[in-house]
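Structure at a glance
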Amino acid sequence: MVFTLAIDGPAAAGKGTISKAVAAHFGYAHLDTGLLYRAVGQRMLAGEEPIEAARSLAAEDLEHPDLRTVEAAQAASKVAVIPEVRAALLDFQRTFAQRMGGAVLDGRDIGTVICPNADVKLYVTASDEARAGRRHKELQERGRDISFETVLAELQERDARDSARSEAPLKPADDAVLLDTSDLSIDEAVARAVAEIEKKTHA
Ligand code: DC
């Protein structure tokens, strides 16, 4: 069975957590597409030309220990503006989406560009403060000494760039279900996502 779930939304809205939990719940494979852009961004930070880095991206690039840093996130958002970088990553994502047994992809343009025919599309959002608060906590838990204000400014800068680019900007697909996680616990957010999928699969 091919079943594709597209989960898009701004940085730190809860897409990753929801995607992992939903994939585990239904036994689907999960692809965090942000990781692809972070890996290209990381290679750019190491001095490579981003289009070449995207064209030669390898599995081990996704294992780089620094991909979850603020610097890699910013570099990802910058390389993600380049159409040739996006084009180089397209086939891998579409092939993943078509795998048997179901696939969850999370990112910015999954429901709009990568998988416009996805079976279910969710657009996960949360207030800027809620998102920055969560990301701040996560970074602190990893031992990173960074202020809430710096995290908030980083997220807002990245969202502005991701939304303003001409190629595959961050925006909800017309047929996406909106899920605002500002006032939801992880369990509540996952339960809503599961309910949306069950609605579609039992329809
Ligand atoms: O989801 P994330 O925060 O790890 O993504 C990092 C950056 O990668 C994000 O700011 C923009 C880019 N990105 C993208 O342009 N398209 C995607 N499908 C996923 C991420």
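In case you missed it, the structure is sitting above this.
This report concerns the structure included in the present document. Note that the coordinates shown come from a computational prediction; the quantities given were computed from them, not determined experimentally. (Residues numbered from 1 in each chain as written. Predicted model: local features only at pLDDT ≥ 70, side-chain atom pairs only at ≥ 80, totals over all residues. Heavy atoms only, no water.)

Digging into the layout of surface pockets
Threshold: A pocket, in this scheme, is an open set of points on a 1 Å grid over the protein atoms alone with protein on both sides within 12 Å along at least 5 of 7 lines, while a cavity is a set where a 1.4 Å probe fits but cannot get out; residues line either one if an atom lies within 4 Å of a point. Grid points are joined across faces, edges and corners, and a volume is the space filled by probe spheres set on the points. Residue polarity follows a fixed list, in which Ala, Val, Leu, Ile, Met, Phe, Trp, Tyr, Cys and Pro are nonpolar, Asp, Glu, Lys and Arg are charged, and the others, Gly among them, are polar.
Reported here for the largest pocket is a volume of approximately 880 Å³. Grouping the constituent residues of the lining of the largest pocket by class yields eleven nonpolar, ten polar and 18 charged.

What about the site of the ligand?
Basically, it comes down to this: It suffices for a single heavy atom of a residue to lie within 4 Å of a molecule or strand for the residue to be listed as near it. Polar contacts, as used here, are pairs of N or O atoms within 3.5 Å; protein pairs need one atom able to donate a hydrogen and one able to accept it. Residues neighboring in sequence count only if both atoms are side-chain atoms. Placement in a cavity or pocket follows one criterion, namely that more than half of the molecule's atoms lie within 2 Å of its grid points. Only runs of H or I of at least four residues qualify as helices and only runs of E of at least two qualify as strands under DSSP, and these elements are numbered from the N terminus.
Residues in close proximity to the ligand total 14 residues, the closest being Arg38, Arg86, Arg108, Asp162 and Arg165. A distance of 2.6 Å separates an oxygen atom of the ligand from a polar atom in the side chain of Arg38. Side-chain polar atom of Asp109 to a nitrogen atom of the ligand: 2.9 Å apart, as the coordinates give it. The pocket occupied by the ligand, as judged from atoms lying within 2 Å of grid points, is the largest pocket. Mapped by element, the contributors of at least two residues to the shell around the ligand are helix 2 (33–45), helix 4 (70–79) and helix 8 (148–164). In terms of residues, the shell around the ligand owes the most to one element, helix 2, which gives four residues. Broken down by class, the residue content of the shell around the ligand amounts to three nonpolar, four polar and seven charged.

As for the side chain of Thr181
Quick note on the threshold: With a 1.4 Å probe rolled over the protein chains alone, any residue whose accessible area is under 20% of its type maximum counts as buried; one over 50% counts as exposed, and the rest are partly exposed. In what follows, a contact means two residues having at least one pair of non-hydrogen atoms within 4.5 Å.
Mapped onto the secondary structure, Thr181 falls in the loop between strand 5 (177–180) and helix 9 (186–201). Among the residues examined, Thr181 registers a relative accessible area of 3% and is labelled buried. With residues up to four places along the chain from it excluded, the contact list for Thr181 reads Ala13, Ile18, Val124, Thr125, Ala126, Arg134 and Ala189.

Overview of the side chain of Arg135
Summarising the element assignment, Arg135 is placed in helix 7 (residues 128–141). Not counting the four nearest positions on each side in its chain, Arg135 is found in contact with Ala12, Arg38, Val151 and Arg158.

Some thoughts on empty space enclosed by the protein
A full pass over the atoms with the stated rule returns one cavity of 30 Å³ or more. By volume, the largest cavity amounts to about 40 Å³. Forming the walls of the largest cavity are Arg38, Arg68, Thr69, Val70, Ala73, Arg135, Leu139, Arg142, Glu154 and Arg158. Elements supplying a minimum of two residues to the lining of the largest cavity: helix 4, helix 7 and helix 8. Of the residues contributing to the lining of the largest cavity, the split by class is three nonpolar, one polar and six charged.

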